[in-house]
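Structural description and commentary
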Amino acid sequence: MTAIVRAVLSMSALNALSRATGYLRAMVMAAVLGTGVVANAYGVSNGIVSLIYELFLGGILYSAFVPLLIERITRHGEEDARHLTNAILTLVLPLLAAVAVLGIVFAEPLVDLMTRFQPSTGLSEEDAQLSLEEAQRAAELSVFFFRFFIVYIVFVGLLSVLTGVLNAHRHFSLPAFAPVLNNLITIALFLGYAFLAPDNPEAALYLLAATTLSVALMALVLVPSAWRLGYRPRPVFGHPALLPAARLALPVLLFTAGSLGVQYVGGTLLGSSFAAVPQLYFAFTVFSLPYGVFVIAIETATMPELSERYAREDEEGYRDTLSFGLRTMAFIIVPSSVALVALATPIVGLLYERGEFGPEDTRLVASILAAYSVGLLAYAAYFLLVRAFYSRRNTKMPALLNICLFGLYAPAAYAFSGVFGVVGVALALSAVNAVFAALALAAMRKEIGAVGGRRLLRSLVRISMAGAAMYAVIWAGTALLGTGSDFLERTVILAVVGSASLAAYLGAAYALGAEEMKSVVALLRRRVT
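Residues numbered from 1 in each chain as written. Predicted model: local features only at pLDDT ≥ 70, side-chain atom pairs only at ≥ 80, totals over all residues. Heavy atoms only, no water.

1. A look at the overall build of the chain
Filter applied, for reference: Strands here mean DSSP runs of E at least two residues long; helices mean DSSP runs of H or I at least four residues long; both are numbered from the N terminus. Classification of residues uses two cut-offs on accessible area relative to the type maximum, computed with a 1.4 Å probe and protein chains only: under 20% is buried, over 50% is exposed, and between them is partly exposed. To be clear on the numbers: accessible area is Shrake-Rupley with a 1.4 Å probe, and residue cover counts the displayed protein chains and nothing else.
When helices and strands are tallied, the chain shows 21 helices and 0 strands. Split into buried and exposed, the 529 residues of the chain put 56% on the buried side. For the chain, the computed accessible surface area is about 21800 Å², with 66% contributed by carbon and sulfur atoms.

This is the structure we're talking about:
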């Protein structure tokens, strides 16, 4: 388990850098674009492209390729794994290129179908968040951006395969660092837009559209590392593992369809109907910090270990590794969830409130963030369990769960948003994830016989008690100091209250004997000495 914790800590540092630049990117976007027409169009076009990529290949490449590649390395050797990788690239890149061309040709009807900016979709002009002219402009700009952004799915496909290759060989650092380059280039493009827009707004839009270049660089920077491992791209038509991969792909496609349905209903359809696409994005960007820094690191480190133990038929080792991953995840995510809920307003104000992003935007985004964050533990646990199913080459159970999740989320999102507005979109996701995290855990227990349920429950009780102590400190601190109204006040409040509450959490966890804390402390001591 020490090897996994060490990998998690090293990747978490790089993921933290990636997320830090990602937040800087969101901050610059908020200051430059605000929450108006251009921000809505930019966000929705990016979202549609992501949906298209994930629908065709994204979930399949990430979820099925790494376990399959590790199996080929373990049982058939490196050369066979290289042939498999080239065979997959030979299929993937031409397919994605064809999808990109079709997207460029049919951009207008596709964007019109997937958004609700236009009054013809049922919103009256009085109820719409944008005026008639603004809604029409948002739709036009969405089509404009989409024609540029759809091209980057080719590079994201290459990125997914190369990331899988490097992770299968336990090379985690460069794939974790590559998004930093993407974020820095995109930040430069936003700043260029701000500089150019007052004098030449039409030309400035092309700088925003150039985001595709930053994605291309993120993929191409991985090529030399894969090359040094012997993975040298060349056409390969056919491989014995492609048919088994295809059998795995159909359930993964169903799983992905469920995820895309959630994203489409919440982030694109309802988001555009409330003209709140950027607000949802800004809130989700903050919400995803602990998931992106820590949980993805845990998933990335445990996935090869779980896949290898399954390939070697080491069921006891598999159960121990999964239990360790779940308990470590909970130890990190519970305090993150408490902080994001209790300190949502000063966090959002500190990160975003400047330029075109005002106090009203802060209040709305903070409410959305809190609604997302109450379900952070369930969200993280669900996806960690999904990755565990994939490590066993069981793609059917995640597919079934996710299709059912979408079936519940769609009516829940409409119902909750009818009562709570756009905040209900996030609240519905938290509620549904709680249900399906429990179902996924029960399904995994049925498959492997045991997941160490009593040990998990004991850890969760201790961690929750420590989280309650943390919340009490935050409540007292904000009651005394408030939530702040400017940059300096919010910085002081977050520094003082955040530090005190974290100390309370760690102290309570230590006093309660949380074993996950002891493992991390022991490893840190070894690294220092």
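2. Some words on the environment of T362
If you trace the backbone, T362 turns up in helix α15 (residues 359-373). Remark: the alpha-carbon pair of T362 and L351, spanning 11 residues in sequence, is separated by 9.5 Å.

3. A look at the nonpolar core
Stated formally: The term nonpolar core refers to a set of buried residues drawn from Ala, Val, Leu, Ile, Met, Phe, Trp, Tyr and Cys, joined through side-chain atoms within 4.5 Å.
Counting residues in hydrophobic clusters, the biggest one holds 149 residues, and the most contacted among them are F145, Y352 and Y409. The element best represented in this core is helix α16 (residues 376-391), accounting for 13 residues.

4. Looking at a nonpolar patch on the surface
Stated formally: Candidates for patches are residues over 30% relative accessible area with no salt bridge; among them, like charges are joined within 9 Å and nonpolar side chains (Val, Leu, Ile, Met, Phe, Trp, Tyr) within 5 Å. A pair is scored as a salt bridge if a Lys or Arg side-chain nitrogen falls within 4 Å of a carboxyl oxygen belonging to Asp or Glu.
Together, L480, L481, L488, V492 and V496 make up a nonpolar patch on the protein surface, roughly 500 Å² of accessible area in all. For the nonpolar patch, the secondary structure elements donating two or more residues are α19 (453-481) and α20 (487-512). Per element, the largest residue contribution to the nonpolar patch is 3 residues, and it comes from α20. Tracing the sequence through the fold places V492 in helix α20.

5. As for the packing of helix α12 (residues 277-311) against helix α14 (residues 344-352)
Worth spelling out the cut-off: Axis angles are defined between N-to-C directions and span 0 to 180 degrees, where every axis is a line fitted to C-alpha atoms and, for a helix, only to the segment in contact. Should an angle fall under 35 degrees it is called roughly parallel, over 145 degrees roughly antiparallel, and 65 to 115 degrees roughly perpendicular, with every other angle called oblique. A clockwise turn of the near helix away from the far one marks a right-handed crossing, whereas an anticlockwise turn of less than a right angle marks a left-handed crossing. Whether two residues are in contact is decided by their heavy atoms: any pair within 4.5 Å suffices. Classification convention: Asp, Glu, Lys, Arg as charged; Ala, Val, Leu, Ile, Met, Phe, Trp, Tyr, Cys, Pro as nonpolar; all other residues, Gly among them, as polar.
One way to put it is that α12 packs onto α14 with a least axis distance of 11 Å and a crossing angle of 110°. Accordingly, the angle class assigned to the pair α12 and α14 is roughly perpendicular. The interaxial crossing formed by α12 with α14 has right-handed handedness. Each of F282, T285 and V286 in α12 lies in contact with α14, whose residues at this interface are I347, L351 and Y352. Grouping the amino acids of the contact of α12 with α14 by side-chain chemistry returns 5 nonpolar, 1 polar and no charged.

6. With respect to α14
Within α14, 8 of the 9 residues are buried, leaving the element largely enclosed by the surrounding structure. Of the residues making up α14, those classed as buried are A344, P346, I347, V348, G349, L350, L351 and Y352.

7. Details of the packing of aromatic side chains
Applicable threshold: Side-chain rings of Phe, Tyr and Trp (the six-membered ring for Trp) are treated as a pair once their centres are within 6.5 Å; stacked means planes under 30 degrees apart, edge-to-face means over 60, and tilted covers the remaining angles.
Counted by the stated rule, this structure contains 23 aromatic pairs. Ring centres of F282 and Y352 lie 5.0 Å apart, and the angle between their planes is 45°; this geometry places the pair in the tilted category. Here F282 is found in helix α12, whereas its partner Y352 is found in helix α14, with 70 residues between them in sequence. Y352 carries the same exposure label as F282, and that label is buried.

8. As for the pattern of salt bridges
Considering all chains together, one arrives at 6 salt bridges under this definition. Measuring nitrogen to oxygen at the nearest pair gives 3.8 Å for the salt bridge that ties E140 to R137. With a gap of 3 residues between them, E140 and R137 both fall in helix α5 (residues 132-149), about one helical turn apart. With a shortest N-O distance of 3.3 Å, E353 and R490 are connected by a salt bridge. In this pair, E353 is assigned in the loop between α14 and α15 and R490 in helix α20, connecting sequence segments 137 residues apart. E353 gets classed as partly exposed once you look at its relative accessible area, which sits at 21%. Among the charged side chains, a salt-bridge network with shared partners connects R137, E140 and E202.

9. Concerning the side chain of S373
By secondary structure assignment, the location of S373 is in helix α15. When sequence neighbours within four positions are dropped, the list of residues in contact with S373 reads F287, S337, L340 and V341.

10. Considerations on α5
Each α-helix winds once per 3.6 residues, and so residues spaced three or four apart point in a common direction. Under the convention used in this document: By this rule, a helix spans an expected 1.5 Å times one less than how many residues it contains.
In this model, α5 (18 residues) spans 26 Å end to end at C-alpha, consistent with the 26 Å of a helix rising 1.5 Å per residue. Of the residues making up α5, those classed as buried are A135, A138, A139, L141, S142, V143, F144, F145, F146 and F149.

11. Describing the confidence of the model for the chain
For clarity, the cut-off: pLDDT is defined as a per-residue confidence score from the predictor, taking values between 0 and 100.
On average, the chain scores 81 in pLDDT, and the residues at 70 or more come to 83%. Low pLDDT, under 50, characterises residues 119-128; the predicted model gives this stretch 6 contacts beyond four residues in sequence or across chains.

12. Some details on the packing of α19 against α20
The contact between α19 and α20 brings their axes to 8 Å, and the two run at 155°. In terms of orientation, α19 and α20 fall into the roughly antiparallel class. Between α19 and α20 lies a crossing whose hand is right-handed. Residues R462, I463, M465, A466, G467, A469, M470, V473, I474, G477, T478 and L481 of α19 lie in contact with α20, whose contacting residues are I493, V496, V497, A500, S501, A504, Y505, A508, A509 and L512. Among the residues forming the contact of α19 with α20, the class breakdown is 17 nonpolar, 4 polar and 1 charged.

13. Quick notes on the environment of A168
Residue position: A168 is located in helix α6 (residues 152-168). Exposure remark for A168: the relative accessible area of 7% places this residue in the buried category. Sequence-wise, A168 and P304 are 136 residues apart; in three dimensions their C-alpha atoms are separated by 6.4 Å.

14. Some details on the environment of S337
Structurally, S337 is set in helix α13 (residues 315-342). Excluding residues that lie within four positions of it along the chain, S337 makes contacts with S373, V374 and L376.

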